[in-house]
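Reading the structure
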Amino acid sequence: MELFQSIIQYILDLGSAIFVPLIILILGLVAGMKVKKAFISALTLGIAFTGMSMVIGFMSNAVGPASEALAKNTGINLPALDLGWTGAASITWSWPYAFVFFAVVIIVNIIMLVFNLTKTLNVDMWNVWGKALTAYLVYFISGSLIAGFITATIQVILELKMGDMFQKHIEDLTGIPLVTVTHLMNISAVLLLPFNMLMDKIPFFNKKADTNALKKKIGIFSENSVMGFIIGLCLGLAAAYGISGSLNLAVQVATAMALFPMISKMFMQALSPLADAMSEFMKTKFKDREVYIGLDWPILAGRSEVWVTAILLVPVFIGYAIILPGNVVLPLAGIINYSIAVGGLLLTGGNLLRMLVLGVISMPLYLYGATYLTPILTGLANKTGAVEGIKEGQQITWSSIEGPEFRILFAEAFNKNIFAIVGCVIFILLFILLYKYMTKVDVPSKRYEN
């Protein structure tokens, strides 16, 4: 076991830009790709992930301090320190059972593929820690290790089914064939679904409102760089950066917004040859079967709607932190809430107006989820000693944790909370409804009028 952990930890330490392309290289060779072509695809994917991570980091480093300054200008002082996903990952990998979830993810995926219960092959092994975190949280709350493993297994199944239901929409949004996203942040679409269905019945929300449609209506102001400049400038002024600081932030956000689509094209270059090879391979093994390649969410980062939504909602997130009774967390490390933006993108096909409305509606869930998890994540951090630099008595949390409703409901259900049990039933029913909604013939981006 220790040897297995050491090997996996060594590979993880290489980073996702090495780990995931390595899996893609092996997968390509198994599918019959020539070594040169498989290597080029894997290398291009590594470059795409690295480039996207650099630009996301650049964007976060620019927007984060401005958001913090904006929060400080409000004068609020909330006790829980928002560490973001890195703190949660550190805690998770310090748990001895965490590495077991590589086997859980692989075994469940193979069983579901063999019995034709999914078309998705999840190669995003980098995010196995998300399943382990769910298990650790449920175990800590319920006291049952079995409950933790059951919930994490349910998460694996739901992620694969989300890979199935969102695949054609992701192909429509990215242009990459037979590729999907298996990240838990997609699950935000479950609770957003009823609100989106309500908007389906309101003519005002049924106009095409992605960035391509906006170009016809507002011209230059819909260009990625121009939108980024305007949003960055407004955020800088709201954060009291002054003219010079605000203009610099505006150019930084504009730079990131201009680079995202350029880098996203590399995902297509890397994955299209693999998709073709996998398609041919599956035809030889299974009649009338195709397999989708499940990857991390950055393949969607080239869609500017994600960033426009996430950044415009920053002041809303801070505003909610100020006014919501009982909230203890000031969102900083998780202030750019990808979960809302990505789930909204997939549910609405990139309809910016709907994405913003859904974000405003759902943001309190994340703050209250983070508030609920504050003593739990603090307890786990103290137990594992994984988070360094935390003062004695300091509380920690994660303001934009993916799927807070899923994790908390199942943890409390195993704690024999009757309301949570009912909540779990409702959640699963909504998930089934979402599956039916998303697997209709049309795709969201084509539902709306021009």
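In what follows, the accompanying structure is described. (Residues numbered from 1 in each chain as written. Predicted model: local features only at pLDDT ≥ 70, side-chain atom pairs only at ≥ 80, totals over all residues. Heavy atoms only, no water.)

**A closer look at the overall build of the protein**
When its secondary structure is counted, the protein shows 17 helices and 5 strands. Relative to the compact-globule value of 22 Å for 450 residues, the protein shows a C-alpha radius of gyration of 21 Å, a close match. Oriented by its inertia axes, the alpha-carbon framework of the protein measures out at about 60 × 55 × 45 Å. Counting all 450 residues of the protein, 56% fall into the buried class. On the protein, roughly 18800 Å² of surface is accessible, and the fraction owed to carbon and sulfur atoms is 67%. Here the protein contributes 29 positive and 25 negative side-chain charges, whose respective centroids are spaced 8 Å apart. (Helix = DSSP H or I, 4+ residues; strand = E, 2+ residues; numbered from the N terminus. Rg over C-alpha atoms; globule rule 2.2 N^0.38 Å. Buried < 20%, exposed > 50% of the residue type's maximum accessible area, 1.4 Å probe, protein only. Areas by Shrake-Rupley, 256 points an atom, 1.4 Å probe, with all protein chains shown as cover. Lys, Arg positive; Asp, Glu negative; His and termini not counted. Charge placed at Lys NZ, Arg CZ, Asp CG, Glu CD.)

**A few points about the packing of aromatic side chains**
One pass over the full model with this rule turns up 18 aromatic pairs. An angle of 25° between the planes, with centres 4.7 Å apart, marks the rings of Phe 101 and Phe 149 as stacked. With Phe 101 in helix α5 (residues 100–114) and Phe 149 in helix α7 (residues 145–174), this pair connects stretches of sequence that are 48 residues apart. Residues Phe 260 and Trp 307 carry aromatic rings whose centres are separated by 4.4 Å and whose planes lie at 0° to one another, so their mutual orientation is stacked. Placement of the pair is Phe 260 in helix α11 (residues 242–285) and Trp 307 in helix α12 (residues 304–312), with a sequence separation of 47 residues. (Phe/Tyr/Trp six-rings, centres within 6.5 Å; stacked < 30°, edge-to-face > 60°.)

**Quick look at empty space enclosed by the protein**
Applying the stated criterion to the full structure yields 2 cavities of 30 Å³ or more. Roughly 70 Å³ of volume is contained in the largest cavity. Lining the largest cavity are Asn 127, Trp 129, Gly 130, Lys 131, Gln 155, Glu 159, His 183, Leu 184, Glu 402 and Arg 407. By residue number, the principal contributor to the lining of the largest cavity is helix α6 (residues 128–142), which donates 3 residues. (1 Å grid on protein atoms, 1.4 Å probe; cavity = no way out; pocket = protein on both sides within 12 Å on 5 of 7 lines; lining within 4 Å. Points joined across faces, edges and corners; volume = space filled by probe spheres on them.)

**A word on unusual backbone geometry**
Most peptide bonds adopt trans geometry, and most residues besides glycine take a negative phi value. Even without being glycine, Asn 116 reaches a positive phi, approximately 55°. Following the sequence through the fold, Asn 116 ends up in the loop between α5 and β2 (120–122). For Asn 116, a relative accessible area of 45% puts it in the partly exposed group. One non-glycine residue, Leu 178, lies in positive phi territory at about 55°. Summarising the element assignment, Leu 178 is placed in the loop between α7 and β3 (179–181).

**A few points about the pattern of salt bridges**
In this structure the tally under the stated criterion is 4 salt bridges. In this structure, the salt-bridge partner of Lys 161 is Asp 164, at a minimum N-O distance of 3.6 Å. Of this pair, Lys 161 and Asp 164 both sit in helix α7, 3 residues apart, which is roughly one turn of that helix. According to the relative accessible area criterion, Asp 164 is buried, its value standing at 11%. (Salt bridge = Lys/Arg side-chain N within 4 Å of Asp/Glu carboxyl O.)

**A word on helix α14 (residues 338–348)**
Most of α14 sits out of view: 11 of its 11 residues are buried. Every buried residue of α14 is accounted for by Tyr 338, Ser 339, Ile 340, Ala 341, Val 342, Gly 343, Gly 344, Leu 345, Leu 346, Leu 347 and Thr 348. On its buried side, α14 packs onto α3 (35–74), α7, α8 (188–200), α12, α15 (352–384) and α17 (418–438). One side-chain oxygen at the N-terminal end of α14 lies 3.1 Å from the backbone nitrogen of Ser 339; it belongs to Asn 337. Of the residues one or two after α14, Gly 349 is the one with positive phi, at around 70°. (Contact = heavy atoms within 4.5 Å. Polar contact = N/O pair within 3.5 Å; in protein donor to acceptor, adjacent residues only side chain to side chain.)

**Remarks on the layout of surface pockets**
Rolling a probe over the atoms, with the probe sized like a water molecule, indicates the empty space that remains. Looking at the largest pocket, its volume works out to about 850 Å³. For the largest pocket, the lining is made up of 32 residues, of which Ile 56, Trp 85, Thr 86, Trp 297 and Tyr 338 are closest to its centre. When contributions to the lining of the largest pocket are tallied by element, the ones reaching two or more residues are α3, α4 (84–93) and α14. At 7 residues, α3 tops the list of elements feeding residues into the lining of the largest pocket.

**Brief notes about the packing of α7 against helix α16 (residues 404–413)**
Close contact between α7 and α16 brings their axes to 11 Å; oriented N to C, the two are set at 145°. Between α7 and α16 lies a crossing of right-handed hand. Contacts from Thr 151, Ile 154, Gln 155 and Leu 158 in α7 reach Phe 406, Arg 407 and Phe 410 in α16. Grouping the constituent residues of the contact of α7 with α16 by class yields 4 nonpolar, 2 polar and 1 charged. (Axes fitted to C-alpha atoms, helices over the stretch in contact; angles between N-to-C directions. Left-handed = near helix turned anticlockwise from the far one by under 90°. Nonpolar A, V, L, I, M, F, W, Y, C, P; charged D, E, K, R; others polar.)

**Digging into the nonpolar core**
Counting residues in each nonpolar core, the largest one holds 145 residues, and the members touching the most others are Met 59 and Trp 307. The dominant element in this core, judged by the number of residues it contributes, is α3, at 14 residues. Non-local contacts of Trp 307, meaning those with residues more than four positions away in its chain, are made with Ile 56, Met 59, Met 257, Phe 260, Trp 297, Ala 301, Ile 336 and Tyr 338. (Core = buried A, V, L, I, M, F, W, Y, C linked by side-chain atoms within 4.5 Å.)

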